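# Secondary and tertiary structure notes
Residue-level listing of the chains:
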Amino acid sequence: MTVLRSIPSVDRLVATVEARASTSGLPRALLVDAARAELDGLRKTLRANEADARGVTLDALVAAVEARLIDTLAPSLRPVINASGVIIQTNLGRAPLSVDARAAMAAVGGGYSNLEYDLERGERGSRNSHLSQLLRDLTGAEDALVVNNNAAALYLALIALAVGREVIVSRGQAVEIGGGFRIPDVLRQSGATLVEVGTTNRTYASDYAAAINERTALLLRVHTSNFRLTGFVHETSLAEMADVGRAHNVAVLDDLGSGTLLPTAPYGLTPEPTVQESVAAGADLVTFSGDKLLGGPQAGLIVGRAALIAQLKRHPLMRALRVDKTTIAGLTATLQSYRRGMALAEIPVWQMITAPADAVRARCERLAVRLMSAGIVAEVSVCESAVGGGSLPGDTLASYALALAVDSPDALARRLRLGQPPVVARISEQRLLCDLRTVLQDQDDTLVEAICRAQ
Ligand SMILES: *Cc1c(COP(=O)(O)O)cnc(C)c1O
């Protein structure tokens, strides 16, 4: 362990790194890049302060290059523990998938499948066929189509049905959904003309009727999923819009956003409109996400009238928006949980929504005891979780968190985020909170270890 008098050459450092078992089989170019980057960094340090070089040894440089290689080869996208208390978090990948969905995706992803092959006839089949019957059964709609996400579903519907024509939207629903996705912009991009009716707070069926003319292609309802307007408010019901649409022979498109197949009211939440309700109320097309309250993989689901779905299927853009085989497999497995009446038990999003607060508290208490035996004081603190994902704004679920009182909760939060696996917690009143409602059942041990390491 002699301290370096001069910086080794890239070649010398690479040769030393190459001799290590940890780098066996790795392309030389990768080692050269890592060694060069490490030496550049060292030179910079030296220029800033000559004295800093005193402790540098060849061994230390080799270890640094090895660490750099591990970092380079690790995937950027990796699992994290969600202790934030927000169940559907777009930034954290939205819905965790059910055991069945994951198994189905792995089974189909690891080999060939009858994705577009009719096994009965031995000829070309349709990728959409795998999901359409299931979605018909679950929603009561005539037909169904699946694309990459709900934004794509809405975009496809507008392009296929409303290019060069007018789409009537209530002024209160010409909203931004998040991440800069704005209904007026989507309409403009699709080549349709937005016609706003009513006022921000009140829109009546007569407002829609008065705006209809020969250029009208659609009446669009957008579920204002991420905010709530209260007070002197009137929204035209979907059934009323459907009446107006039928009277004038104009289709009604309902963008539900999250969309749910199960009612939310039994769990103390505001009733979120269900897909079945929209279909029954007379919407001609209903669009919703696969990875919000449905609890499946990212997808955009479109259900509704067979003739309209057929028009969407035929549109050339469909090719650009079609879903992958693993998505179809995961979505099918997710929907089958609903079909078997097992969604609450099997789909993680619904397990989290329906977990009794007492059960979350009992988990917190168990983990607090384990942390205590590692010398870490964690209180069990009452807190509130949210459903998130642009659904049920303002609604909360009573929950419990491990609360860590430390000098700098920000610094602890950062250490947890940068740990392996990363933990995303939240800070409240100078304490770091790990809400266990959103921590998956099998992550309790890992969470305790992560907290111990981050202390
Ligand atoms: C979330 C949402 C969308 C976009 O859905 P993605 O699946 O994220 O593409 C569209 N409309 C509404 C009302 C939404 O809530």
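Above this note sits the structure.
Here, residues in each chain are numbered from 1, in the same order as that chain's written sequence. Residue-level local features of this predicted model are given only where pLDDT is at least 70; pairs of side-chain atoms are given and counted only at 80 or more, and the full residue set underlies all totals for whole chains, interfaces and linings. Excluding hydrogens and water, the side-chain figures rest on all heavy atoms present in the structure.

### Some remarks on the nonpolar core
To define a nonpolar core, start from buried Ala, Val, Leu, Ile, Met, Phe, Trp, Tyr and Cys residues and group those joined through side-chain atoms within 4.5 Å. Exposed residues in this analysis have more than 50% of their type's maximum accessible area, buried residues have under 20%, and partly exposed residues fall in between, with area computed by a 1.4 Å probe over protein chains only. Counting residues in hydrophobic clusters, the biggest one holds 52 residues, and the most contacted among them are Leu219, Val303, Leu335, Tyr338 and Val349. In this document the domain limits rely on a domain assignment from an automatic tool or a database. Two domains each donate at least three residues to this core, and these are domain 2 (81-90 + 350-454) and domain 3 (98-346). Leu219 has contacts with Ile168, Tyr208, Ile212, Met241, Val244, Gly245, Val250, Ala251, Val252 and Leu253, leaving out every residue within four places of it along the chain. Ala153, Val175, Leu218 and Ile302 belong to the second-largest nonpolar core, a separate cluster that totals 31 residues. Contacts are residue-level and defined by heavy atoms, with any inter-residue pair within 4.5 Å sufficient.

### Some words on the pairing of strand S14 (residues 379-388)
In this sheet, S14 lies alongside strand S2 (residues 86-88) in parallel orientation, the contact comprising two bridges. Pairing of Val86 across the sheet is with Ala386, part of S14. Strand pairing follows a simple DSSP-based rule, namely that at least 2 bridges must link the two strands. For helices the rule is a DSSP run of H or I covering at least 4 residues; for strands it is a run of E covering at least 2, with both sets numbered from the N terminus onward. Inspection of the sheet shows S14 paired to strand S15 (residues 397-405) by seven bridges, in the antiparallel sense. Looking across to S15, one finds that Val382 is bridged to Tyr400.

### Here we look at helix H16 (residues 357-373)
Helical periodicity: at 3.6 residues per turn, an α-helix aligns residues three or four positions apart in one direction. By this rule the span expected of a helix is its residue count minus one, scaled by 1.5 Å. Over its 17 residues, H16 extends 25 Å from the first C-alpha to the last, a length consistent with the 24 Å expected when each residue adds 1.5 Å. Among the residues of H16, those classed as buried are Val360, Arg363, Cys364, Leu367, Ala368 and Leu371. With its buried residues spanning 140° around the axis, H16 presents them on a single face. Exposed residues on H16 whose side chains face more than 90 degrees from its buried face are Asp358, Arg366, Val369 and Ser373. Close packing links the buried residues of H16 with S14, S15 and helix H18 (444-454). Of the residues one or two after H16, Gly375 is the one with positive phi, at around 85°. Within this analysis, the arc is defined by the directions that extend from the helix axis to the C-beta atoms.

### Quick word on the pattern of salt bridges
The term salt bridge refers to a pairing of a side-chain nitrogen on Lys or Arg with a carboxyl oxygen on Asp or Glu at a separation within 4 Å. Taken as a whole and assessed by the stated rule, the structure comprises 31 salt bridges. In this structure, Arg20 engages Glu66 in a salt bridge whose closest nitrogen and oxygen atoms are separated by 3.9 Å. Taken as a pair, Arg20 in the loop between helix H1 (10-18) and helix H2 (28-48) and Glu66 in helix H3 (residues 58-73) lie far apart in primary sequence, 46 residues in all. In this structure, Arg94 and Asp291 form a salt bridge, with 3.0 Å as the shortest nitrogen-oxygen distance. With Arg94 in the loop between S2 and helix H4 (99-109) and Asp291 in the loop between strand S12 (285-289) and strand S13 (300-304), this residue pair connects regions lying 197 residues apart in the sequence. If you follow the salt bridges from partner to partner, you end up with Glu116, Arg124, Arg127 and Arg322 in one network.

These results come straight from atomic positions and should not be treated as a statement about function.
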